[in-house]
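The lines below spell out each chain.
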Amino acid sequence: MKRALKGLVIMSLALIIGIISTGCGDKRPILNVYNWGDYIDPSVIKDFEEEFNVKVNYNTFATNEDMYVSLKKGGTSYDVAFPSDYMIERMIDEDMLEKINKDNISNLNNIEDRFLNLDFDPNNDYSIPYMWGTVGIIYNKTMVDDVVDSWDILWNEKYSGQILMLDSQRDSIAIALKRLNYSINSRDEKELEKAKEELIKQKPLVYAYVGDEVKDLMVGEEAAIAVVWSGDAVAMIRNNNNLEYAIPKEGTNLWFDNMVIPKNAKNKEMAEKFINFMQRPEIAVKNTDYIGYSTPNFKAKDLLPKDIVNSKVAYPTNEEIANTEIFNDPKDIIKLYDDIWLEIKAQR
Ligand code: N2P
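Computed from a predicted structure; not experimentally measured. (Residues numbered from 1 in each chain as written. Predicted model: local features only at pLDDT ≥ 70, side-chain atom pairs only at ≥ 80, totals over all residues. Heavy atoms only, no water.)

So, on to the environment of Ile340. Tracing the backbone through its elements, the reader meets Ile340 in helix 13 (residues 334–346). On the basis of relative accessibility, which here comes to 4%, the residue Ile340 falls in the buried class. Sequence separation between Ile340 and Ile200 is 140 residues, and the spatial gap between their C-alpha atoms is 9.9 Å. If near-sequence neighbours (up to four positions away) are discounted, Ile340 is found in contact with Ile173, Leu192 and Lys196. (Helix = DSSP H or I, 4+ residues; strand = E, 2+ residues; numbered from the N terminus. Buried < 20%, exposed > 50% of the residue type's maximum accessible area, 1.4 Å probe, protein only. Contact = heavy atoms within 4.5 Å.)

If you want it as structure tokens, here you go:
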């Protein structure tokens, strides 16, 4: 009797372990995707899972630097990630990316030429465009009575406690550099030091350094001015028409977020299917419409409502982005950037 009971316990345990290890009977292959927060229409993940009979494990990050650190640490091996230009450059240099077989990305034909073969990945061997945009200032017209055409407004004491900055080292340092009329890719220690001092000086005026929360704070009129990525500005203006977006006259950053396959990906074939899926016109439209960001996909653009395509925030003219710079990887001076950021964040 005792023996029979023991056998039963062992058998049930084995069964339970079996069920847990196969994910409650879920035999679908897994695709691990690592993207920015608020950067996809969740129904697109479902659509992909259903069509390809795969389970998508979806995780998010807030900045390129966070994404880089977690990929370097290993832990989860991701099949698809969404870094920006300068971070792609770095990841290629550090041999962190798989080459993409472009024969499997037929929807690359839907991408406008100006988003292809950019310096950070000259043949798109490692990355396929997802979204693009600018960095600018969003402000509430009922709370700001100055003309917003310069980064200076972020240092205006009149708005003390009502200013939101991006919790992103590269973007914040770039703003301070631009305001001083330096390049956002400055490698000059003195220039970088000055940018740091300016951000430290500004800190008492700053309500908070924020990520995706910026949208709720600005829509809810809890702050007057914020530094944002253009797509978030589109999303915010949709929900509060007191808000307006401006690209400062000193110039700004023009950025490109692409999809990549990290080196230790376990499901490269499915990763390429996912990347290609994301650039199907109707899928790109879903994402663009949901998140507010700008698509590089001209076939998707044709399907978008006219007011979005004509939005100067999402689709600025060449003239409006003439005074922009694309980030480069700081390479050997990355530690200087990291140290500057740590020092700024440590200030009270
Ligand atoms: C979305 C983040 C957008 C990424 N929350 C800008 N590069």
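Continuing now.
You can see Tyr34 is positioned in strand 1 (residues 30–36). Residue classification places Tyr34 among the buried residues on the basis of a relative accessible area of 7%. In this structure the C-alpha to C-alpha distance between Tyr34 and Val260, which are 226 residues apart in sequence, comes to 10.0 Å. If sequence neighbours within four positions are ignored, Tyr34 has contacts with Asn59, Thr60, Phe61, Asp66, Met67, Ser70, Tyr78, Val80, Ala81 and Phe82. Polar contacts involving the side chain of Tyr34 include one to the side chain of Ser70, which spans 2.8 Å. (Polar contact = N/O pair within 3.5 Å; in protein donor to acceptor, adjacent residues only side chain to side chain.)

At their nearest, the axes of helix 3 (residues 64–73) and helix 4 (residues 85–93) sit 10 Å apart, and the two run at 20° to each other. In this view, helix 3 runs roughly parallel relative to helix 4, as classed from their interaxial angle. As for the relative orientation of helix 3 and helix 4, their crossing is right-handed in sense. Between helix 3, through Asn64, Glu65, Met67, Tyr68 and Leu71, and helix 4, the contact on the second element is made entirely by Tyr86, Met87, Arg90 and Met91. Looking at the contact of helix 3 with helix 4, its residues break down into six nonpolar, one polar and two charged. (Axes fitted to C-alpha atoms, helices over the stretch in contact; angles between N-to-C directions. Parallel < 35°, antiparallel > 145°, perpendicular 65-115°, else oblique. Left-handed = near helix turned anticlockwise from the far one by under 90°. Nonpolar A, V, L, I, M, F, W, Y, C, P; charged D, E, K, R; others polar.)

Where helix 2 (residues 42–52) contacts helix 9 (residues 268–278), the axes come no closer than 11 Å and their chain directions differ by 130°. Classed by the angle they form, the pair helix 2 and helix 9 counts as oblique. Between helix 2 and helix 9 lies a crossing whose hand is right-handed. Note on element contacts: helix 9 touches helix 2 through Met270, Lys273, Phe274, Phe277 and Met278, opposite Val44, Asp47, Phe48, Glu51 and Phe52. When the residues that make up the contact of helix 2 with helix 9 are grouped by side-chain class, the tally is seven nonpolar, no polar and three charged.

Before going further, it helps to spend a moment on the pattern of salt bridges. Per the counting criterion, the structure on display carries 29 salt bridges. Note that Lys72 and Glu94 form a salt bridge whose closest N and O atoms lie 2.9 Å from each other. Of this pair, Lys72 sits in helix 3 while Glu94 sits in the loop between helix 4 and strand 4 (127–140), and the two are 22 residues apart along the sequence. Its salt-bridge partner being Lys249, residue Asp149 comes within 3.6 Å of it at the nearest N-O pair. Of the two residues, Asp149 sits in the loop between strand 4 and strand 5 (163–166) while Lys249 sits in the loop between strand 8 (243–246) and strand 9 (252–260), which places them 100 residues apart along the sequence. By relative accessible area, Asp149 is classed as partly exposed at 32%. What emerges from the salt-bridge pattern is a single network uniting Asp152, Arg179, Glu198 and Lys201. (Salt bridge = Lys/Arg side-chain N within 4 Å of Asp/Glu carboxyl O.)

As a further point, take helix 5 (residues 169–179). With 10 of its 11 residues buried, helix 5 lies for the most part within the structure. Listing the buried residues of helix 5 in full gives Gln169, Arg170, Asp171, Ser172, Ile173, Ala174, Ile175, Ala176, Leu177 and Lys178. Directly after helix 5, the chain includes Asn181, whose backbone phi takes a positive value near 65°.

Turning next to the nonpolar core. The tendency in soluble globular proteins is for nonpolar side chains to be buried side by side. Core analysis: the largest hydrophobic core is formed by 116 residues, its most contacted members being Leu154 and Ile225. A per-element tally of this core places strand 4 first, with eight residues. With residues near it in sequence (within four places) discarded, Leu154 still touches Ile137, Ile163, Met165, Ile175, Gln202, Leu205, Ile225 and Val227. (Core = buried A, V, L, I, M, F, W, Y, C linked by side-chain atoms within 4.5 Å.)

If you check the shell around the ligand, you find Trp36, Gly37, Asp38, Tyr39, Asp212, Trp229, Trp255, Asp257 and Tyr293 and nothing else. Within the contact set of the ligand, a nitrogen atom lies 2.7 Å away from a backbone nitrogen or oxygen of Gly37. Asp257 is positioned with one of its side-chain polar atoms (N or O) 2.8 Å from a nitrogen atom of the ligand. Of the residues that constitute the shell around the ligand, the class distribution is five nonpolar, one polar and three charged. (Near = heavy atom within 4 Å.)

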